[in-house]
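Architecture and fold: a report
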Amino acid sequence: MSVENVLKSIQENNIEWVDFRFVDLSGRAHHISLPASAVDADTFVNGVAFDGSSIQGFRGIEESDMVMIPDPEATFVDPFTAHPTLNVMCDIFTPDGERYERDPRGIAVKAEEFLKESGVGTAAFFAPESEFFIFDDVRYESGTNSSSYFVDSEEASWNTNRKEDGGNLGFKVRTKGGYVPVAPVDTQQDIRSEMCRILEEAGLSIERHHHEVATAGQAEINFRFDTLKKTADNLLVYKYIVHNTARQYGKVATFMPKPLFGDNGSGMHVHQSIFDGDSPLFYDKAGYANLSEMALHYIGGILYHAPALIALTNPSTNSFKRLVPGYEAPVNLVYSKGNRSAAVRIPVAAVTPKGCRIEFRTPDSTANPYLAFAAMLMAGLDGIKRKINPTELGYGPLDKNIYDLSDADKENIRSVPASLEEALDALQADNEFLTEGGVFTKEFIENYINLKRDEAKAVAIRIHPHEYSLYFDC
């Protein structure tokens, strides 16, 4: 949409407020609203000022002035505000007109430009499967003398004996028993359908929705693939609408990877492919799982750089509570066709040449999508450039249930890092593939690592409630 069409839309839809948004390093959106009467063509040139020193990981107070430059191609009418509001995604610039090197959206733009300049293809397409939980009650605290969390759901397995108003009606979701049951076990058909309706109104093309494996309201909604930056934009819209629709229903949605102990966590499986114009580059009917040599090299780059990559695709301490064996978590750095126990899966059911793709199953939704998608693309392009053969490096293909293999058979299978600290160590040691073409800068990576190390330390030094169970009577 052009600036002219955005301004016309403001008039036609009686928009009262224009909400300008940007994303921080963690992937959280921030916003400033201007009266629609104050927004004109110059706003899209001069931008909207904000204080960068108040955003974690951005600038110091001595250089705090920053500018949001609106993107007229990234707008949607807010479905939740009482006053008609148009939301506009922005890029971040310095006051002197330079693109801010720590702007995650700017890094996504540079990754797309690097792909074109590499001569490999013209566009990379991404499609995330971002899972989430819908709870009825969430309480938590972390203080000097107490630390706890509590979540609840009307459909949770632990509520089979709970006294409820009008009587307990049963049909609770068993632990690990929540994959696509019908009502009355699945209590959230309507809320997911409403989320999908609103998402489509916001411009996303919905493919399907369903209950996921875990008890207590785990869900998944899939939307159609798009280019790297556009898909990251769509994922922010997706999370915003999921969060706020749940709130309208008196519930709360979370994309936290592992909110429940002893059941499956929430991942963000990321499908990806490269095209040259209209031609898919990952398809070859004669190849393994219909994959071209380029696609295999792309997989090689993903798996070779995976330990470092995971610092960006799984950037929370909670991420590594999900990445443990036994809960369908893709902890094994191998590739396989149709095998959900592998870190990289090649979908083979009902796949056309244009639908041929690879799926990196390790990421989760604590990732900043602009950074995560850009990093995955850079790893894959490095694999293509260096012709990294995943089979020669021992990354598969492995068309077996890895969880059922003997210990001896598992010895040569490399696993994901065991903690955020390990992943950050890997990123510190292996980041040149990210800095190719200036997509990520060394300064950005160092700042990111320091920010995440502070998070890991904040968790590590706190007392865990389970430690009382283990040690209080010593």
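Keep in mind that this is a model prediction, so the values were computed, not measured. (Residues numbered from 1 in each chain as written. Predicted model: local features only at pLDDT ≥ 70, side-chain atom pairs only at ≥ 80, totals over all residues. Heavy atoms only, no water.)

Observations concerning the pairing of strand β3 (residues 48-51)
Here β3 shows one buried face, formed by Val-48 and Phe-50, and one open face, formed by Ala-49 and Asp-51. Sheet topology note: the β3/strand β4 (residues 65-77) ladder contains four bridges and is antiparallel. Looking at β4, one finds that Asp-51 is bridged to Asp-65. (Buried < 20%, exposed > 50% of the residue type's maximum accessible area, 1.4 Å probe, protein only. Helix = DSSP H or I, 4+ residues; strand = E, 2+ residues; numbered from the N terminus. Pairing = 2+ DSSP bridges.)

Quick notes on the sheet that holds β3
What the five strands build is an open sheet, ordered β2-β1-β5-β4-β3; its pairing is mixed. Each of the sheet's edge strands pairs with one partner strand only, and the pair in question is β2 (29-35) and β3. Taking each pair of neighbouring strands and ignoring which way they run, the sheet shows an average axis angle of 40°. The sheet contact formed by β4 and strand β5 (residues 85-93) spans seven bridges and is antiparallel. Bridge assignment links Pro-70 to a residue of β5, and that residue is Cys-90. Strand contacts of helix α3 (residues 104-118): β1 (17-23), β4 and β5, with the helix running at about 70° to β5, the strand carrying the most contacts. (Axes fitted to C-alpha atoms, helices over the stretch in contact; angles between N-to-C directions. Contact = heavy atoms within 4.5 Å.)

A short note on unusual backbone geometry
Omega for the peptide link from Ala-183 to Pro-184 comes to 10°, which places this bond in the cis form. Within the secondary structure, Pro-184 sits in the loop between β8 (147-152) and α4 (189-201). With phi around 50°, Asn-14 is a residue other than glycine that occupies positive phi space. The topology assignment puts Asn-14 in the loop between α1 (3-12) and β1. Its identity is not glycine, yet Asn-290 carries a phi of approximately 65°, on the positive side. The topology assignment puts Asn-290 in the loop between β14 (279-280) and α6 (293-304). Under the relative-accessibility criterion, Asn-290 is labelled partly exposed at 29%.

Purely geometric stuff here, so don't read any function into it on its own.
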